Amino acid sequence: MSRLHPPFDPELAEALTLVHEVNPPTITPDRIGALRAISDEYRIPEEALADVEIDEFPVPGPAGAPDVLLLVLRPKGADRAVPLPAMLHVHGGGMVAGHRRVGLDWALEWMRAVPMVIASVEYRLAPEHPHPAPVEDCYAALSWVAGHAGELGVDADRLTVGGGSAGGGLAAALALLARDRGGPGLVAQLLICPMLDDRARTHSSTELDGEGLWDLTSNATGWSALLGEAAGGPDVSLYAAPARATDLSGLPPAFVDAGAVETFRDEAVDYATRLWQAGGQAELHIWPGAFHGFDSVVPGAALSREARAARVNWLRRLFAE
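Residues numbered from 1 in each chain as written. Predicted model: local features only at pLDDT ≥ 70, side-chain atom pairs only at ≥ 80, totals over all residues. Heavy atoms only, no water.

Engineer: Help me out: how do you make sense of unusual backbone geometry in this one?
Structural biologist: Among all residues save glycine, negative phi is the norm, and among peptide bonds the norm is trans. Cis rather than trans, the peptide bond between Ala-126 and Pro-127 has omega equal to 5°. Topologically, Pro-127 is positioned in the loop between strand S4 (117-122) and helix H4 (133-147). Along the chain, Gly-183 connects to Pro-184 via a cis peptide bond; the corresponding omega equals -5°. In this structure, Cys-193 takes a positive phi of about 35° despite not being glycine. For Ala-200, which is not glycine, the phi dihedral falls at a positive 45°. If you trace the backbone, Ala-200 turns up in the loop between strand S6 (188-192) and helix H7 (216-227). Since its relative accessible area comes to 43%, Ala-200 is described here as partly exposed. (Helix = DSSP H or I, 4+ residues; strand = E, 2+ residues; numbered from the N terminus. Buried < 20%, exposed > 50% of the residue type's maximum accessible area, 1.4 Å probe, protein only.)

Engineer: Please explain the pattern of salt bridges as it appears in this structure.
Structural biologist: If the charged atoms of two oppositely charged side chains come close together, the side chains can form a pair. Applying the stated rule across the entire model yields 23 salt bridges. Across the pair Arg-124 and Asp-137 runs a salt bridge, and its minimum N-O distance is 2.9 Å. Here the residue Arg-124 occupies a position in the loop between S4 and H4, and Asp-137 occupies one in helix H4, the gap between them amounting to 13 residues. The buried category is assigned to Asp-137, whose relative accessible area is 1%. We note a salt bridge from Asp-266 to Arg-265, for which the minimum N-O separation is 2.7 Å. Judged by its relative accessible area of 21%, Asp-266 is partly exposed. By relative accessible area, which is 13% here, Arg-265 ends up buried. Via salt bridges that share partners, Asp-105, Glu-109, Asp-257, Asp-295, Arg-308 and Arg-311 belong to a single interconnected network. (Salt bridge = Lys/Arg side-chain N within 4 Å of Asp/Glu carboxyl O.)

Engineer: Quick question: what am I supposed to make of the packing of helix H3 (residues 104-113) against helix H10 (residues 302-318) here?
Structural biologist: The relative placement of two packed helices is expressed as an angle between their axes plus a distance between the axes. Relative to each other, H3 and H10 sit at 45°, their axes nearing to 10 Å. When the interaxial angle is binned, H3 and H10 end up oblique. For the pair H3 and H10, the sense of crossing is right-handed. On H10, the residues touching Asp-105, Trp-106, Glu-109, Trp-110 and Ala-113 of H3 are Arg-308, Arg-311, Val-312, Leu-315 and Arg-316. Residue classes in the contact of H3 with H10 are distributed as five nonpolar, no polar and five charged. (Axes fitted to C-alpha atoms, helices over the stretch in contact; angles between N-to-C directions. Parallel < 35°, antiparallel > 145°, perpendicular 65-115°, else oblique. Left-handed = near helix turned anticlockwise from the far one by under 90°. Contact = heavy atoms within 4.5 Å. Nonpolar A, V, L, I, M, F, W, Y, C, P; charged D, E, K, R; others polar.)

Engineer: What should I look at first to understand helix H8 (residues 265-277) in this one?
Structural biologist: An α-helical segment advances 3.6 residues per turn. Residues three or four places apart therefore align on the same side. Here H8 spans 19 Å end to end across 13 residues, near enough to the 18 Å set by a 1.5 Å rise per residue. Among the residues of H8, Arg-265, Glu-267, Ala-268, Tyr-271, Ala-272, Arg-274 and Leu-275 are the ones counted as buried. If you follow the buried residues of H8, they end up packed against helix H6 (166-180), S6, strand S7 (254-259) and strand S8 (282-287). Directly after H8, the chain includes Gly-279, whose backbone phi takes a positive value near 90°. (Expected span 1.5 Å × (residues − 1).)

So this is what it looks like as structure tokens:
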């Protein structure tokens, strides 16, 4: 039985009923294939890409691993002699699903508001490829972008990482890895409803059971796929679950948001709080009545438009000339 939680926003609740017909709130291990099938059907309409230049690169993966596919988007006609800021975009999917085109509705919106290059990485998925495969694939892609900034028309001094859900967790892990490995240098991290903590120790991590999107069982499925029997135990790396990091100093400014009615709410609040306590900068938004991934699922809702605008405004301030 679900624990007490805030009410859903009425507009979002109405849409959620329809969403559950296709994408149920509970993902068990036997439903990973079905979740992948849903994400595999995700496509950006061709007309939405009319003003975008698209390239794909197979970039060297971690030592002994296969190449990593990287989808690179840039504003059509942009002068490559004038370097643009760049973001490594990391897709969501609970660590078990998704591909490099998932989440590009967000990325295209950001790119049009603030001219930039978006490099979207296709990392290996759990459980076939447990930690550290996903985060090391992402780090290899980030390192490649930094090392090829000139040919990509990218300003290597204005690199960011960002993503939603599992992608938000991996983006946070990348910021930690880049700090601890001495680069690449990052100016910011955009963490949208990030998947940060495997321990299910907060109220929000256990308050949704068969409700919303990505409930307590789904979260256990994702973390167990990534970490196996280590999930929830004492020996989990901070680069797998960034909430495990005890030192959040020296990290780039962060934008952190989540819905008020989602599994990741409390860990998002805690992560932003500890960034502040470590002397860092964070902008935190908790959207009232919102479920996980609400603004992708129901982009036209009033609350979704507000959330998307907040991210765009943050990026504008970040890259203001």
